[in-house]
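Survey of secondary and tertiary structure
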Amino acid sequence: MITKPATKYVPFRPFKEDYSDRTWPSKSITKAPIWLSTDLRDGNQSLIEPMNIERKISFFEQLLKIGFKEIEVGFPSASKTEFDFTRKLIEDDYIPDDVTISVLTQSREDLIRKTIEAVYGAKHAIVHLYNACAPSFRKIVFNMNRDDIKQIAVNGANLTKDLFAQYSDKTIWQYEYSIEVFSSTELEFALDVANTVIDIFQPTATNKLILNLPATVEASTPNIYADQIEWMNRNINNRDNVILSVHPHNDRGTAVASAELAIMAGADRVEGCLFGHGERTGNVDLITLALNLYTQGINPELDFSDIDEVRRCVEHCTQMITPPRHPYAGDLVFTAFSGSHQDAIKKGMSLQKTDAIWEVPYLPIDPADLGRNYDAVIRVNSQSGKGGVAYLLEREYGLVLPRKLQIEFSRAVQRFTDKTGREVTAEAVYNIFKSEYLDQNSPWKLIRHRIDGDPQAAEAKHFSVEAEIECSGEKRIIHGEGNGAISAFISALGLPARIMNYHEHSLGSNTNTRAACYVELRIDHNNSVFGVGIDRDIVTASFRAVLGAINRHLKSEKNLNNICRFAIGVIFPSITSID
Ligand SMILES: CC(=O)SCCNC(=O)CCNC(=O)[C@H](O)C(C)(C)COP(=O)(O)OP(=O)(O)OC[C@H]1O[C@@H](n2cnc3c(N)ncnc32)[C@H](O)[C@@H]1OP(=O)(O)O
Ligand SMILES: CC(C)C(=O)C(=O)O
Ligand SMILES: [Mg+2]
């Protein structure tokens, strides 16, 4: 890295004078632009292994499904595959009547003729000529002055116009001209070339010319590109009959912003690729652009309601992978790992009504609108808090943990993730929950019980319980009374324990319905502890929860004189040690 980059690089300055009368900053985007997918050309020309015809057909069909009405199908003069693919689309009737295919060519006579031959017979076709006009290209690639460069555009336009007239019987032609490397071309020269081409074609309301102003190489911040587009928009001839198009590349990583600001600056049309494929760092990503519009409440006129299928098809055809953080489509974009995000998403999801304005924190779009499901939303690692853990248990296993238990349990999960250093699946979370709460059957285990009681009775202690419990292989029958089944059971155990919190809900449905009970128990003056029980019978579930809490308390309590041990000693005098 050189320490003085100014000795090697200079910024491109499109305006000699101040351009402070720009208006685009106070504009907003109100409708979708005309879209052109250049996946089968700019996208394809930049693949390590360009698509074969079969893959190009799959891609073309996918583009139709998404709803593209303009599709650049290739550079037919470049190779037999490109030529044959174009012919196949036309001859085998792949192109719906409302779709226009586009083909690209350099502005060279032999190539233009071959291009027209390739596309002749399509109902509608765009023939797209380009030549680079930027100073470095004039000097290095062409070794020509401005007039010579303009002449390339003029010759190409004149020849194409003649050929359009000659082959007008089967095809409705449209001309597109690109000032290649517009992003680094002096504006007054770009305007001169553009106006000369416009004047040759004399476009009309029924046959508009497409003027494409590409950021072939992204050269400056998006606001400068927007200035360039606005200036051209104001100054080109016959503006009403010209479709102003942009084609941003992503060299600086700002192609999406460039396209958005360019639309604010007057562009009518955007050329780009799905997932931002294309030369070098790629073209502008049309999925991101379209879904950015969608999240502003604007119909993008492109359908990404099954984004995973679009991704699968593109990955198959291009053999390129989608980065996990790719906007809207990456594996991880609807995933929250960190605790506070998970908490907010969980709250947002539970408050969100199906037909209401979307306002789930941290999620700019409803994953369901893209055909992605909520299950992927939350993943748990060592940064995760209670929200994610609780969400997973609820989604996958129907367990709705009381808030305090969420906090307690998330610590158990955190201990596990800290140890493994890895993300945990919903199944792993459940297994931790099971061993922490559900498998707490020792030292005390419930064998059976019988309760008698009348909830309507006036006396305080109207419930009596008889229960058989087991400890270290020995079984005993215990009895107790209380004003509820649980308090009667606790009294049978002979423990100074109080229920601090009790929650229950049903799990599953119909014949498979079970009850889940969550009990927060304070034993003597110790910190409270949770127990959870699940059973077909709600009383059994609650007794299990109580014993689970006691067992957990015993495991964490090192004091040998602990009151629980004392209670065991009373019920099971022969048991001297439970360790
Ligand atoms: C920014 C973009 O993405 S532009 C599209 C780029 N994509 C492609 O080029 C893919 C397909 N292209 C090809 O396969 C080849 O370039 C072909 C088959 C079209 C032409 O191949 P060749 O005839 O060997 O020419 P080559 O591609 O090397 O082009 C160089 C010549 O064309 C001239 N040229 C380049 N661009 C243009 C243009 N837009 N209009 C007119 N002439 C041009 C160059 O000045 C050079 O001329 P020179 O040989 O007199 O110095
Ligand atoms: C040929 C043009 C449109 C192009 O791909 C570019 O300039 O990036
Ligand atoms: Mg390009």
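On a predicted model such as this, the values are computed, not experimentally measured, just so you know.

Description of the sheet that holds strand S11 (residues 474-482)
Spatially, S9-S10-S11 is the arrangement adopted by the three strands of the open sheet, whose pairing is antiparallel. Edge positions in the open sheet fall to strand S9 (444-453) and S11, since each of these has one partner strand only. Here the strands of the sheet are splayed against their neighbours by 20 degrees on average, with no regard to which way each runs. In the sheet, S9 pairs with strand S10 (residues 463-471) via nine bridges, with the strands oriented antiparallel. Bridging across to S10, Leu446 finds its partner in Ile469. Contacts from helix H16 (residues 485-493) reach S9, S10 and S11, with the element oriented near 130 degrees to S11. Across the face of the sheet, helix H17 (residues 538-556) comes into contact with S9 and S10 while running at roughly 135 degrees to S9.

Considerations on the domain arrangement of the chain
In terms of domains, the chain is made up of domain 1 (27-318), domain 2 (339-435) and domain 3 (444-571). Facing the eight residues of domain 1 at the interface are six residues of domain 2. Of the roughly 550 Å² buried where domain 1 meets domain 2, counting both sides, 59% is carbon and sulfur surface. Taken together, domain 1 and domain 2 are joined by zero salt bridges. One can count three residue pairs in polar contact (both at pLDDT 80 or more) joining domain 1 with domain 2.

Focus on the coordination of the magnesium ion (ligand 3)
Bound to the magnesium ion (ligand 3) on the protein side are Asp42 (OD), His247 (NE2) and His249 (NE2), at distances that span 2.0 to 2.2 Å. For the magnesium ion (ligand 3), all donor residues lie on one chain, and their spacing in sequence is D-x204-H-x1-H. Each member of the pair His247 and His249 is classed as buried.

Some words on the nonpolar core
One finds Met232, Leu274, Phe304 and Phe409 to be the most contacted residues of the largest nonpolar core, which totals 131 residues. If you tally residues by element for this core, the top one is helix H7 (residues 187-201), at 10 residues. Core analysis: the second largest hydrophobic core is formed by 36 residues, Ala515, Ala545, Leu547 and Ile550 among them.

Quick word on the UniProt feature "binding site: Mg(2+)" (unreviewed entry) in the chain
Per the UniProt record, the feature "binding site: Mg(2+)" (unreviewed entry) sits at Asp42, His247, His249 and Asn283. These residues run over 242 residues, yet every pair of their C-alpha atoms falls within 10.4 Å of each other. Tracing the backbone shows His247 in strand S7 (residues 242-248). A distance of 2.9 Å separates polar atoms of two side chains, one belonging to His247 and the other to Asp42. With respect to the helices and strands, the residue Asn283 is situated in the loop between strand S8 (269-272) and helix H10 (286-294). The buried category is assigned to Asn283, whose relative accessible area is 2%. Ignoring sequence-local partners within four residues, the contact set of Asn283 consists of Thr38, Asp42, His247, Pro248, His249, Gly272, Cys273, Gly276, His277 and Gly278. Within the structure, Asn283 has its side chain in polar contact with the side chain of Asp42 (distance 3.1 Å).

Description of the site of ligand 1
Neighbouring residues of ligand 1: 16 residues in total, closest Gln45, Ser107, Arg108, Tyr130 and Glu180. At 3.5 Å from an oxygen atom of ligand 1 is found a side-chain nitrogen or oxygen belonging to Gln106. With respect to ligand 1, the side chain of Arg108 contributes an N or O atom lying 2.8 Å from an oxygen atom. In isolation ligand 1 exposes 1,000 Å². Once the protein is present, 56% of that is buried. Among the residues forming the shell around ligand 1, the class breakdown is eight nonpolar, five polar and three charged.

Definitions and limits used
- Residues numbered from 1 in each chain as written.
- Chains lettered and ligands numbered in written order.
- Predicted model: local features only at pLDDT ≥ 70, side-chain atom pairs only at ≥ 80, totals over all residues.
- Heavy atoms only, no water.
- Pairing = 2+ DSSP bridges.
- Helix = DSSP H or I, 4+ residues; strand = E, 2+ residues; numbered from the N terminus.
- Axes fitted to C-alpha atoms, helices over the stretch in contact; angles between N-to-C directions.
- Contact = heavy atoms within 4.5 Å.
- Domains from an automatic or database assignment.
- Buried area = accessible area lost by both parts, 1.4 Å probe.
- Salt bridge = Lys/Arg side-chain N within 4 Å of Asp/Glu carboxyl O.
- Polar contact = N/O pair within 3.5 Å; in protein donor to acceptor, adjacent residues only side chain to side chain.
- Donors = N, O, S within 2.8 Å, 3.2 Å for Na, K, Ca; no water.
- Buried < 20%, exposed > 50% of the residue type's maximum accessible area, 1.4 Å probe, protein only.
- Core = buried A, V, L, I, M, F, W, Y, C linked by side-chain atoms within 4.5 Å.
- UniProt positions renumbered as here; feature names shortened; annotations may be inferred.
- Near = heavy atom within 4 Å.
- Areas by Shrake-Rupley, 256 points an atom, 1.4 Å probe, with all protein chains shown as cover.
- Nonpolar A, V, L, I, M, F, W, Y, C, P; charged D, E, K, R; others polar.

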